[in-house]
Every structure is written in C-alpha cells, then in structure tokens.
Amino acid sequence: MSASTHEEKFDPAVEKHHHAPQVNIADFDDPNLDLDHVDTLEDDSPYPEVRSAVANTDDPDMPVNTLRAWFIGLLWAIIVPGLNQFFFFRFPAVTVTSVVAQLISFPLLRLWARVVPSVKIFGVSLNPGPFTIKEHVLITIMATVGYQSAYATDIVAVQRVFYNQTYNFSYQWLLVMSTQLIGFSIGGIARRFLVQPPSMIWPTNLVTCTLFNTLHSQQYAGIGNRGGISRERFFTYGFICSFSWYFLPGYLFTALSTFNWVCWIVPNNVVVNQLFGTASGLGMSILTFDWAQIAYIGSPLATPWWAEANIAGSMVIFYWIIVPALYYTNTWYFKYLPISSTHSFDNTGKTYDVTRILDESGAFSEELYKGYSPLFLSATFALAYGLSFASITATLTHTFIYFRKQIWVQSRRSMHEQPDIHARLMARYPQVPEWWYAVILVTMFVFGIIVIEAWPTGMPVWAFVLALIISFLYVIPIGMIQAITNQQVGLNVITELIIGYALPGKPIAMMMFKTWGYITMAQALQFTSDFKLGHYMKVPPRPMFWAQVTATVVAGTVQLGVQSWMFTNISNMCALDQPDNFVCPNTQVFGTASIVWGVIGPARQFSSGQLYYGLLFFFLAGFLAPVITRLVQIRYSNVVLKYMNWPVIFSGTGLIPPATPSNYVTWCVTGFMFNYVIRRRHFAWWTKYNYVLSAALDSGVAVSAVVIFFCLQYPRNGTIGANTVLTWWGNVVSGNTADAMKLPLLTPPANKTFGPTVWN
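Residues numbered from 1 in each chain as written. Predicted model: local features only at pLDDT ≥ 70, side-chain atom pairs only at ≥ 80, totals over all residues. Heavy atoms only, no water.

S.K.: What's the story with the overall build of the protein in this structure? I'm lost.
M.R.: Within the protein one finds 31 helices and four strands. Over its C-alpha atoms the protein spans a radius of gyration of 26 Å, differing by no more than 12% from the 27 Å that the globule rule assigns to 760 residues. Oriented by its inertia axes, the alpha-carbon framework of the protein measures out at about 80 × 65 × 60 Å. Put simply, the protein has 760 residues, and 58% of those count as buried. Nonlocal contacts in the protein, meaning residues at least 24 apart in sequence, comprise 80% of its contacts between residues at least 6 apart. Accessible area for the protein stands at about 30,100 Å²; split by element, carbon and sulfur atoms hold 63% of it. (Helix = DSSP H or I, 4+ residues; strand = E, 2+ residues; numbered from the N terminus. Rg over C-alpha atoms; globule rule 2.2 N^0.38 Å. Buried < 20%, exposed > 50% of the residue type's maximum accessible area, 1.4 Å probe, protein only. Contact = heavy atoms within 4.5 Å. Areas by Shrake-Rupley, 256 points an atom, 1.4 Å probe, with all protein chains shown as cover.)

S.K.: Please clarify how helix H20 (residues 434-454) should be interpreted in this entry.
M.R.: Quick reminder: α-helices carry 3.6 residues per turn. Residues three or four places apart thus point the same way. When the terminal C-alpha atoms of H20 are compared, their 30 Å separation across 21 residues agrees well with the 30 Å that a helix rising 1.5 Å per residue should span. Listed as buried for H20 are Trp436, Tyr437, Ile440, Met444, Phe447, Gly448, Val451 and Ile452. When H20 is viewed along its axis, its buried side chains cluster within an angular range of 125° and face the same direction. Of the exposed residues in H20, those oriented more than 90 degrees away from the buried face are Trp435, Val442, Glu453 and Ala454. Looking at the buried residues of H20, the elements they touch are helix H8 (169-194), helix H21 (461-485), helix H23 (507-537) and helix H24 (541-569). (Expected span 1.5 Å × (residues − 1). Arc of directions from axis to C-beta.)

S.K.: Sorry if this is basic, but what is going on with helix H28 (residues 661-681) here?
M.R.: Under the 1.5 Å per step criterion, the end-to-end length of H28 is 29 Å for 21 residues, consistent within 8% with the ideal 30 Å. The largest bend along H28 measures about 25° and falls at Phe672. (Bend = angle between axes of the 7 residues up to and from the residue.)

S.K.: Whenever I open this one, the pattern of salt bridges confuses me. Can you help?
M.R.: When the charged atoms of two side chains with opposite charge come close together, those side chains can pair. Using the criterion set out here, one finds five salt bridges in the structure. For Arg68, the salt bridge identified is with Glu135, shortest N-O distance 2.7 Å. Remark: Glu135 occurs in helix H6 (residues 133-144) and Arg68 occurs in helix H4 (residues 67-88); sequence separation between them is 67 residues. Both residues of the pair, Arg68 and Glu135, count as buried. (Salt bridge = Lys/Arg side-chain N within 4 Å of Asp/Glu carboxyl O.)

S.K.: Help me understand the state of the cysteines, please; the structure alone is not making it clear to me.
M.R.: Two cysteines joined by a covalent bond between their sulfur atoms form a disulfide. Enumeration over the complete set of coordinates arrives at one disulfide. Each sulfur in the disulfide pair Cys574 and Cys584 lies 2.0 Å from the other. Note on the Cys574 and Cys584 pair: the S-S dihedral is about -80°, so by sign convention the disulfide is left-handed. With Cys574 in the loop between H24 and helix H25 (585-600) and Cys584 in the loop between H24 and H25, this residue pair connects regions lying 10 residues apart in the sequence. Owing to a relative accessible area of 5%, Cys574 belongs among the buried residues under this scheme. (Disulfide = S-S within 2.5 Å.)

Laid out in structure tokens, this is it:
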C-alpha cells in the first residue's frame, strides 16, 4: 500500500471522536517520554522511538487472515522449530531466528502473488492480490512464537539421560502444551496493562516494525524528512556488509570475536587474563569486532540509553569492582576457581561430579555427599544468584512505587479511551473474548494435573498451583519493566530456591515447578510482546490469537517428534564422546541444576551456617533500594534519579553467566554511541536509520551464521579447513591463553582440598 492509500483510509476527524478527556500520557515518571512534543502529537505517538518505527495510519480493508499467510506461517512453524530442536542438542549449535523467516517470506509471497492463479477453493481465495504487510506480520509471528526449543523438552531429555525415565508421547505432549500455552491465558488478561498503554513501547518490536516497513516501502510521518538514500537501500547495504563481514569473526579470523588482545601479550599471567579476558575473565579488554558478541544479549540499538546506562553502572559496580574484591580476598574460596564460569566445582577445583553423591537408585545420599565435597560456585556465578534474588523483591517494590497508579487507571480504561493513536486505530477491530483465554487456562491446567498425577513425577498439585501463582503474580510487574526497558527479570532462580526448600530430594518435581513458574511468565510476555507487534502493525487481534496458539501447538509437537527421533536413531546421544557432537550441552546444565537444586537442595548451600548464606541478604537489599531512591528523589527533587531503575540494575546483567562481562561492555559502548551521542547530535539520521541498521546487522549475522554452519562447519564433521584456515594464528591465538583455559589463581596441593573440613 502506498502512503496516499493509507492516508485516505485514516480520518483524523473520526478518530478524534473517540478521544477521551485530556489525560496524562503515562501515570508515572516515564524516562522514554518526549515531553517537548507531548502536547502537539495528538495523532502520533509521544515517543520518538515509536514514531520513527511505526506508521500512524491503517487500512482496515487490507487482507491479513489469508490462506497463503496461514500456509506459509504453518510451514515456518514446522521448519524453524524442527531445525532448532535438532541443533539444540549439538555443540556448536546454530539457531535459525525469526528474522530468517521474515526475510525469506517476503520474496516467496511476492512470487506467490505473481504466479498463483486468483481462484477460490471452498470460498477461500488462493491469491487475494498483492502480498500485504499485515500478512507478513502474521507469518512472522507464527514463525517466532515457538522457534526456540520448548523449555519442557529439556525435562523430557533430562529424565531420559539422567534418570533413565522414558514415558510415552502422551506424557511429553501434555507437559509441553501445558507449559507453553498456559501463559497465554494470563498474557491475554495482561494485554490491558502491557499492550494498550502507549508507555509500554516494547523496544525490540520497534526493530521488527522498522524491518517490515522497510521491506514494504512504507512511508509515514515519523520517519522524518531527512534526505539521503532510502531506508530500503540502506537496509540492503547494511545487510550485505553484515553478512560478508561475519565470515571474518565467525570463521576466518575468530580472534576478532573474542578479541582478548591484552591476554595475547601476557598469555600466562593469570591475573591479567582474569581481568581482561573474554572467555573466563571480566572483559576489561572492552573491544570486539563481532556483532554477534555485541548483540548476544539483544540489540543495543533497540534499548533506550537510560536503561543501558543502568546496566552499564551495574556491570561496572558489581562485576568490575565487587567481583574482583571478593575474588582476590578469597571470599568463599573463590581464588581456587576461575573468576567466571558456568560450572560448579568440588573442593579440588574440578567440575562437580554429581554422580558421586547419588546411590545406586539415583537418590541423594547424605553419606556420599559428606564423603565427597560441598558445591562451590565461581565469583560471577555466586554474585549472579545474589543479584537474581535482589531483582525479585526490587521488582515488586518498584512496581508498587512507580506503577500502581498506571495499573489502576488501565484496569478501568477501554481501548477508545487510550491516549494513543495506535490504540484508537486498533479499537475498530473486534477484541479477543475473555472466555477464549479462560478456555486456554482451564484446558492447560487440566493437562498439567493429568501429567503430575498420571505419571510418577513426585510433584503435588499444590506445588503446581503455587508455581502458577508465582508466575501470574510477576507477569504485570516484570512485563511493565520489560516493555519500558527491554530487560526481562527471570524467575528461574527464585523458583528453584522455593521448590528446593519445599520439596527437597525431588528433582523431577523441581524441574516441573521451575518450568511452570518461570516459563508461564515468559510465555505470557512473549504473547503480549507479539500482540504489541500486531498492535503497532494494526493486525486484528483475533487472527493474532489463533495464529499464536496454533503455531505454538504445531511447533511443540514438531519439537517433540524431532527429539524422539534423535534419541531413537542417533547413537550415544548426550555422551561427551558422541562422534557427531550431539553432546546436549543445555540438557547437561539443566540436569545438573536438577541435582544441585532438587537433590542437594538450597538448604545445604544458602541456609544459615552454609557457605552462601550471605547471598540471601540480597532479598532485603532489593526490597529497600527502590524505597530509598524514591525518598531521596522526593526530598531533593533529583531529576537524575528518575532514570535509576533497580530491577534493571539487579537483573540487567542476568545473563552472566553464560554471557561474559565483555558482552555487556561492548553492548553498552555501542548503545551509548547510537542512542545517546548520535541520537542527540544527529536526531534526523537516528530517526530514519537507527532501527533499520539494527535490523540489517541482525539479519546479516543470522543468515551468515546459517551459511557458515551448513557449508563450512557441519559437513565432514567440521574438518573443512582443519589443517589450513582453522589453525592459523588468527584462529588459535585467543585459545592459547589462561583466559581460554579458565585457570584459577590458586590450586590446592596434590591430594589436598580447600574449603571447609566438615559440611552437612
């Protein structure tokens, strides 16, 4: 559709008829708000990020719920989750992202519109005309909603690998459907708070919207009138450059990716490698030339700078100051371990061998535990647990202080009353009835009850209900924080802690509780995020609902089928010496966590008198931090403090580990350059190209990674170039360092141990 066509469909006079009385744009002190233009933007968003990425027009007659959109969307719901599930168990793995589906769908459907005859079958048109942007959104959402491995498939894999439990497909399917879909019910209820308000901008969706509008050559006022090349051509140039460049850090010159250049100078100096390393160090080398490393935690161009500044401050204080202080004072015996690691360790400095504390039946043995070792964590891993604890209480306190009025107002406001052009445009479409969400909730709840009662899971019904209550309680607070800051607070650690105390010695129940407690919230936010994307792109809610639910069912079923086939037909699955590298790294971590939290239990690690008892005080710190900040802000009217967001500070670095501080450093530096310097000095350029550049870089790396993997790494078991390009200096220098070898500062004497002499 051309701009003129859209403008004909949009009648400001009609829209103003629906305007509510003048109200505040946000009922809290919103750092994203453009206060300079809030009174002059009645027919556009008051947020410059939204204006630059989202059109303020709509064509309600544009085809969306078409046969071709459903056919291609379901095709992607089979192919993408199936491929990702296959490679999920392999190391190194490759992930086919929704960006790939988004890009390939565009020429594919353009071709469909050109060659498929315009005939009807049972009243449904095979070719309703030109391929529309709304069809493209629906297809991409179907490819996105289930593209990652369903969390519950790891429960099935761990039961098979760790506990020799293989239940039938009915058990697996009911478990996956319940964990994946039950969150959609609460996501639907939460849309009033997380989708309709204009202040809930969901920054990641803005990149996706920009790519859609660029591909379909959409023109709208928010782009601005800056000259220069078109956004379509800019995206093409950026994509080609990103695709081509990634062959260097991704294959030909991998030192450009890790780029621990200080460690190359003194490769055997442990302290220098710990501080400046990027594999097991604190990332003070700062630089990388790999967009995949920079955007490992999400695109820095999509997150507001004030949120990135919170994370930058958190990273510096906690990981560049507190971690070294704890490590080099040998707090909790940190010197005997790598400074940063994803593994747990025993009292000899070796990886913790969980099999040594299990008896012949696979149950925890107190006697074997006392004869082996307590469990030790690296400095970054231990601090990550503390920060996770703090984020849980900080989220509740922050939400009550800053968002309680917003939540109350939104609970009583209809779509027509939203002070936002996009909500008013969407008000013309029939909304999803509440009983649809109720049916999903009841059905998936019954599925969950069947799973835990019909099979020996060791999980009582009350634990299932408690897990759902925890996830439901946190959906709106965490969703509001994510929608504003692009950062999600995770519930995986707190759910492990709760069930570890409540049901010690029940690893299967622990995994299920964590999955229902965490993934229910995560799926609810995935649902609302996709609904916000449809909200921005003016896709009717009812087709959105059915596309998400149907694609999730298809994706989960396909993933279970692929996983079952792999364990049946691939020999030695998940063994460390598996010849095709199907060593199941995520399954190993998931299984180890089930033993650490479900078998050993948190009581032996975090209770009073135990090694990591001090970390529990982070709960109190998280509760008090927003209160103190708010009191200071009121007393001194400090404008800077309105940008301080404690849930983001505590949870923003939550991907460490497995992410490293170097990922965050380069992410923050890049975000500062684009979302602060360029945005302030060259706002017209930023408005027109910032999100286009982000989409181009993401797309180029995603496609390049797939090409490299399938053409250069997967064939011949990864032996292509084994004696040539893979062995030259640029591909081995980073690996010949203490950083890459993850060396600790101290090692215990031969046949000696460190740590306490008695533990229970």
